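Given next are the chains, with one letter for each unit.
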Amino acid sequence: MSQLAAKGLGARRLATATPASAVAARRPTTTTATTASTSTTCLVALASRSAARRYLSTDEKTPKAASPTAANRDRGPSFKGQLMESITARMKRESATRERIAQLRQQSAASRNFSITFMLFFVGSVSWYLGTKFPRDPSPASTLPLSETRPPKHSTGKAELEAAWADFAEIVGPDHVSTLAADLDAHANSDWSSHQGDPTDPASRPFCVVYPASTAEVSAIMKVCHTRRLPVVGYSGGTSLEGHFAPTRGGICVDFGRMNKVLALHKDDLDVVVQPAVRWEELNEDLALEGLFFPPDPGPGAMIGGMIGTGCSGTNAYRYGTMREWVLSLTVVLADGTVIKTRQRPRKSSAGYDLTKLFIGSEGTLGLVTEATLKLTVKPAASSVAVASFASIRAAANCVARVVGDGVPVAAVEILDDDQMRFINQAGGTSRQWREAATLFFKFSGTAQGVKEQIAIVKDIAKRAGGESFDFARGEQEMAELWSARKEALWSTMAVKKEGDHVWTGDVAVPMSRLSDIIEETKRDFKQTGLVTSLVGHVGDGNFHIIVLYNDEERKLAEDCVHRMVKRAVEMEGTVTGEHGVGLVKRDYLPHELGETTVDAMRKIKMAFDPLCLLNCDKVIRVQKPKKGEVAEW
Amino acid sequence: MGAGPTLKRIDPNLMALAYAIHSQMLQAADQIARAIGQDNVSYDTDVLEHHGHSDWSTSNSPVRAAAVVYPRTTADVSAIARICNALSVPMVPFGAGSSVEGNFSQPHSGICIDFSHMDQIIAFHPDDMDVVVQPGVNWVDLNRHIAHAGLFAPLDPSPTATIGGMVSTNCSGTNAMRYGTMKDWVLNLTVVLADGTVIKTRRRPRKTSAGYNLTSLFVGAEGTLGIVTEATLKLAPIPQDTSVAVVAFGSIRDAAAAASELIRSGIQLAALELMDDVQMRILNEHGSEAVRRRKWEEKPTLFVKFSGTTDGIKSDAARVGEIIRGSAQLHFAKSKQEEQDLWAARKEALFTMVNIRPRGTEIWSTDVAVPVSRLAEIIDLSKRECGQLGIFASVIGHVGDGNFHVAMMYDPRDEEQKRAVARCVHNMMSRALEMEGTVSGEHAIGIGKKDCLVDELGQDTIGLMRTVKRAVDPKWVMNPGKVFDR
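Model, not experiment: these values are computed from the prediction.

A look at the overall build of chain A
Check the secondary structure of chain A and you find 18 helices and 18 strands. Burial status across chain A gives 51% buried among its 634 residues. Put simply, of all contacts in chain A between residues at least 6 apart along the chain, 74% involve residues at least 24 apart. When the accessible surface of chain A is totalled, it reaches about 28,500 Å², and 56% of it is carbon and sulfur.

Right, dumping it as structure tokens:
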């Protein structure tokens, strides 16, 4: 269709080009006609003038021979009379000619109008026909640079939105479309997001929140938005951190809250079919009854839809991989309301493009996920936890490198820095006092025998890497106690918050060998600013978070520090985001991490999926040239 | 672009997109020769034949490429793409030529790009456990080269396969049960797009959520979206210890049922393979000396591989024994030598089969995957149906992930037999789809399975794939005629 439209455009462009050429082609005839008529007028005028002169010149001679009175009497009218007569005659002739010419001109104007109209129409239809016969070649480029984008056109006028509201009310029922201020604010931004938009800007709030109950309803909603050109943002748990669900161009918010069911559990195939608003914690509670388990473990409160959107992970990623590895297939509603299913339920497949993984991590910019089939694994028979503290981050990181390099299949390995351990002690949320030093938390799982063996190996490695203490859990309760420190990390840093403070959770990842470098440099940098920070890391895969507390005056300071950390990660061949996603905050970092051309290729894909830019517009990649000064210096 | 539905299929006749004629292709080859050197372009008919036909494949096309070109750098490939795109000449990348669904044949002729000169290991980062390689690197060579650091790339397709092709078909093998498929082991790719633009999908972090996952999009795209010119692969530590056990069952259904029980037990097996009675008989009759040292029971047999720490293996093996106890007797390798011999039996299977095939017959080898719980049923049904054809037919499978292959030998001159085999394959596909499986577990789509892909995914999903394809390759010059039609 887009191609057809493009072709139509081509033909139309041809058509607009033709009037000029038609006029040009037409002009010679018109000009000859005008010259012809002008020359006739001239000729007539000349003829009459010379006739008059001849007449006058003969007249001039006669008066000399006779006396005026005699001549007057004998030869009819006097000279004066003759003069008047000739003038009158001449004027009559001239006005007749003028009239004739005027009449002539009148006639040609009409015919000219007619023929121009005809020519325009004719050339127009011929070029339209030729346009369909020989369409323009599509642009042979594989990428779409920002400079070639055209700003998306949405219609978010009041009348348009109200009409759309009526459509939505018909689809989901009026009870499930909300325009309450509280609802709109809750779907506009969150306190913990590092994106701080302008709350007075009406474009940063949705016009209404729609709560669909099925894939069919989502498809119908998208069809309405597509015809009416309304921007759409998908919303599930709302726990994302980089402004993923903050609207930038008004429009509507689709909240999947009512689509929160587990549709089918195939325990023999180790998979489960769920709707987007299922919470991963609740899912795991249900699965535990069957001895099964779904590994990705992002922030509490997160829902499957958003987890797919950001390609999330957590402490389990070292052993089990990220969300990308645990989704078998997706049902997705596309920008025009088409519903697709990326594949069926086999554990492995090499059939066609991997659309599943393309949608995972696309942050709702390519389609709205309405159903997901998740891979599951068997709950390990035994598990345990160990805690080891070290004199420095570097010593701890060395220990991790050894564990990873030896291939010890630990379930998770996390690092907390000395500041973080101090905050945990201060908050007092755990039942024991911790050494305020860089600390590693290990999780083990497998058979009872295997776990025992792993603990022994790790203990040995830790000792050789300069570990100052090593505790491991001997029972269920001790395990929970040891792991509680890791769990309380974020909340205990929040507990130090002063009135008016905000929290910023930075997230980068680097190749493992550079981890201690970047952590040390980043900590030093933050220390100099005097901001309160703590550090938590999924060190097994080179990913860590810095938690920064700042108030409104310190915003710039924090921003700059985080910016320097991101830059450092890119310079070390790392990534600007390990697991939080790009959203609004990190999109201008992408060209630096990936290269202009790679981002241009992503933009081309975005525009192919969603030519009107309706889906979570402006997130991940820019689709419109930024204003001057909008992009911060690298 | 217009406001209408974006994903409707456009009548191909409306698109002014014809490929270049033969003389223009030669002209392109000439321009390429000037860009990358005369020595790196070949018009030799034998070379063209070698790059256009495969004995392994059931989907060869009669058309050959106009020329074969041998780039040495990413810049060379970019120059080739620029020339071909400008002249609308199809480009078909060629790795080792071990694919089986006609993935590298050239139904629209064009230029074949052979990566045998791009076979360097560019950088090895043992501390980060990754390696940067060119597409022409053979995986066996790679693993030999990095073994000293205690690392390996845990993929094991056909021993001749090279990285470029492995990426493009999203290959796997016996290790997939434990380690996953190619997709899980590629950190980033450097790709040349249709118009010659070079992109690198990302840097080297082990995990990231920055932007669209282009890496996974190119893995398994069979060269239809871009040409891979460099790949960074994740590596895994070589397990401290391994062990192998074999167990024979009374029927294929019992064997498959035991396999799915093992999968569901959660024991971290390294591999779980199934060979049927026909395969076992071949081993006894035609196997290599090492394999024939043992008298194999000619019954459906499961091959179980363990890996990990020595103690871990012991406890895993004990649990496997418990699960299987009722139905059959487990035989463990008692020495490293025996372990190798046992596993060699599994590795040799396909080659032995090809070697003993009667003159004039061809092998139709195909693969499907289904959810684990349906595995026993589909293997049983497929085996029975193939058996009725009265020809050589055998089942061999990576049952650990619900994937298995059927190989049938048929006489290509016997039209009726050929039709019967085709029908049998077709039935197997529809059965796999009914069971919510896939028509290709690891061989990809190529030319051979295009129709099946439509059956599996439906027109709308294929329509979206087409949209992706058209976006990055508007002139449809990258390996045309594969995966799906325009």
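Details of the UniProt feature "domain: FAD-binding PCMH-type" (unreviewed entry) in chain B
The UniProt record annotates "domain: FAD-binding PCMH-type" (unreviewed entry) at residues 61-238 of chain B. Structurally, residues 61-238 of chain B comprises 21% helix and 24% strand, and the distance from its first C-alpha atom to its last is 41 Å.

Examining the sheet that holds strand S15 (residues 330-332) of chain B
All names here are of chain B. Taken in spatial order, the seven strands make up an open sheet running S15-S12-S14-S13-S17-S18-S16, and their pairing is antiparallel. The strands lining the two open edges of the sheet, one partner per strand, are S15 and strand S16 (362-369). The sheet shows a mean angle of 20° between the axes of neighbouring strands, taken without regard to direction. Relative to strand S17 (residues 393-398), strand S13 (residues 269-275) is paired through two bridges, and the arrangement is antiparallel. Looking at S17, one finds that Met275 is bridged to Ile396. Contacting strand S12 (241-248), S13, strand S14 (301-308) and S15, helix H11 (residues 310-324) runs over the sheet at an angle of about 155° to S14. Most of the contacts of helix H13 (residues 375-388) go to strand S18 (residues 403-410), to which it runs at about 0°, and overall it touches S13, S16, S17 and S18.

Examining the sheet that holds strand S3 (residues 232-235) of chain A
Residues and elements named next belong to chain A. One open sheet holds the four strands; their spatial order is S1-S2-S4-S3, and the pairing between them is mixed. A strand with exactly one partner marks an edge of an open sheet, and here the two such strands are strand S1 (177-178) and S3. Examined bridge by bridge, S3 and strand S4 (residues 252-255) share four bridges and lie parallel to one another. Looking across to S4, one finds that Tyr235 is bridged to Asp255.

Some thoughts on the confidence of the model for chain B
All names here are of chain B. For chain B, per-residue confidence averages 90 on the pLDDT scale, and 97% of positions sit at 70 or higher. With pLDDT under 50 throughout, residues 1-16 is counted as low confidence; its partners more than four residues away or in other chains account for 37 contacts. Prediction confidence for the complex, expressed as pTM and ipTM, is 0.86 and 0.93 respectively.

Remarks on the UniProt feature "domain: FAD-binding PCMH-type" (unreviewed entry) in chain A
In the UniProt entry, the feature "domain: FAD-binding PCMH-type" (unreviewed entry) is given for residues 202-379 of chain A. Helix makes up 22% of residues 202-379 of chain A and strand makes up 24%, while its end C-alpha atoms are separated by 48 Å.

Let's talk about the nonpolar core
Judged by nonpolar contacts, the single largest core of 220 residues is most densely connected at Ile304(A) and Ile163(B). Judged by nonpolar contacts, the second largest core, of 24 residues, contains Val172(A), Leu230(A), Met259(A) and Ala277(A).

Focus on the interface of chain A and chain B
With 103 residues of chain A at the contact, the number on the chain B side is 99 residues. Overall, the association of chain A and chain B removes approximately 8,300 Å² of surface from exposure, summing both partners, and the carbon and sulfur fraction of that is 60%. Summed over the shared surface of chain A and chain B, the number is nine salt bridges. Notably, a salt bridge pairs Asp268(A) with Arg264(B), separated by 3.1 Å at the nearest N-O pair. At the level of elements, helix H1 (2-65), strand S9 (339-341), helix H10 (355-359), helix H11 (393-405), helix H13 (448-464), helix H17 (590-594) and helix H18 (596-609) of chain A are the ones that each hand at least two residues to the side of chain A that touches chain B. Top contributing element to the side of chain A that touches chain B by residue count: H18(A), with nine residues.

Remarks on the packing of aromatic side chains
All names here are of chain A. The full count for this structure, using the stated rule, is 19 aromatic pairs over all chains. With a centroid separation of 5.8 Å and 75° between ring planes, the pair formed by Phe359 and Phe609 is classed as edge-to-face. With Phe359 in helix H10 and Phe609 in helix H18, the pair connects residues that are 250 residues apart, well separated along the chain. Here Phe359 and Phe609 have matching classes, each one buried. Relative to Phe441, the ring of Trp434 has its centre 6.0 Å away and its plane inclined at 50°; by these criteria the two rings are tilted. Each member of the pair, Trp434 as well as Phe441, is classed as buried.

Quick look at unusual backbone geometry
All names here are of chain B. With a phi angle near 60°, Glu436 is a residue other than glycine that sits in the positive phi range. Within the fold, Glu436 resides in the loop between helix H14 (415-434) and helix H15 (450-457). What makes Glu436 partly exposed here is its relative accessible area of 27%. In the Ramachandran plot, Val483 falls in the positive-phi region, its phi being about 65° despite a non-glycine side chain. By the element assignment, Val483 lies in the segment after helix H16 (459-472).

Section: the side chain of Thr301(B)
All names here are of chain B. Along the chain, the position of Thr301 falls in strand S14. For Thr301, the side chain forms a polar contact with the main-chain oxygen of Lys299, separated by 2.7 Å. If near-sequence neighbours (up to four positions away) are discounted, Thr301 is found in contact with Val246, Val247, Ala248, Glu273, Leu274, Met275 and Met280.

Quick notes on the domain arrangement of chain B
All names here are of chain B. Domain assignment breaks chain B into domain 1 (16-116), domain 2 (121-237), domain 3 (241-349) and domain 4 (357-460). Centre-to-centre, using C-alpha coordinates, domain 3 lies 24 Å away from domain 4. Tallying the contact residues gives 19 residues for domain 3 and 16 residues for domain 4. Summed over both partners, the interface of domain 3 with domain 4 comes to about 1,500 Å²; 64% of that surface belongs to carbon and sulfur atoms.

What counts and how
Along every chain, residues carry numbers that run from 1 in the direction the sequence is written. Numbering of ligands from 1 and lettering of chains from A proceed in the order in which they are written. For a predicted model such as this one, the threshold for reporting local features is a pLDDT of at least 70, and the threshold for listing and counting side-chain atom pairs is 80 or more; totals across whole chains, interfaces and linings nevertheless cover every residue. Processing note: side-chain calculations cover all non-hydrogen atoms of the structure and skip hydrogens and water entirely. Put simply, DSSP marks the helices as runs of H or I at least four residues long and the strands as runs of E at least two long, and each gets a number from the N terminus on. In this scheme, a residue with accessible area under 20% of its type's maximum is buried, one over 50% is exposed, and one in between is partly exposed, where area comes from a 1.4 Å probe on protein chains only. Here, two residues are considered to be in contact whenever any of their heavy atoms come within 4.5 Å of each other. To measure how exposed things are, a 1.4 Å probe is used in the Shrake-Rupley method; for residues, cover is taken only from the protein chains shown. UniProt positions are given in the numbering used here, feature names are shortened, and annotations may be inferred rather than shown by experiment. Two strands are counted as paired when DSSP detects at least two bridges linking them. Axis lines are fitted through C-alpha atoms, for helices just across the contact stretch, and the angle between N-to-C directions can take any value from 0 to 180 degrees. Per-residue confidence from the prediction method is given by pLDDT, with values spanning 0 to 100. Only buried residues count toward a nonpolar core, which is a set of Ala, Val, Leu, Ile, Met, Phe, Trp, Tyr and Cys residues joined through side-chain atoms within 4.5 Å. Two parts placed together each lose some accessible area; with a 1.4 Å probe, that loss summed over both constitutes the buried area. Put simply, a salt bridge is a Lys or Arg side-chain nitrogen that is within 4 Å of an Asp or Glu carboxyl oxygen. When the centres of two rings from Phe, Tyr and Trp lie within 6.5 Å, Trp using its six-membered ring, the rings pair. Their planes under 30 degrees apart give stacked, over 60 give edge-to-face, and anything left gives tilted. Think of a polar contact as two N or O atoms within 3.5 Å of one another; within protein, one of them needs to be a possible hydrogen donor and the other a possible acceptor, and neighboring residues in sequence only count if both atoms come from side chains. Reported domain spans reflect what an automatic or database domain assignment gives.

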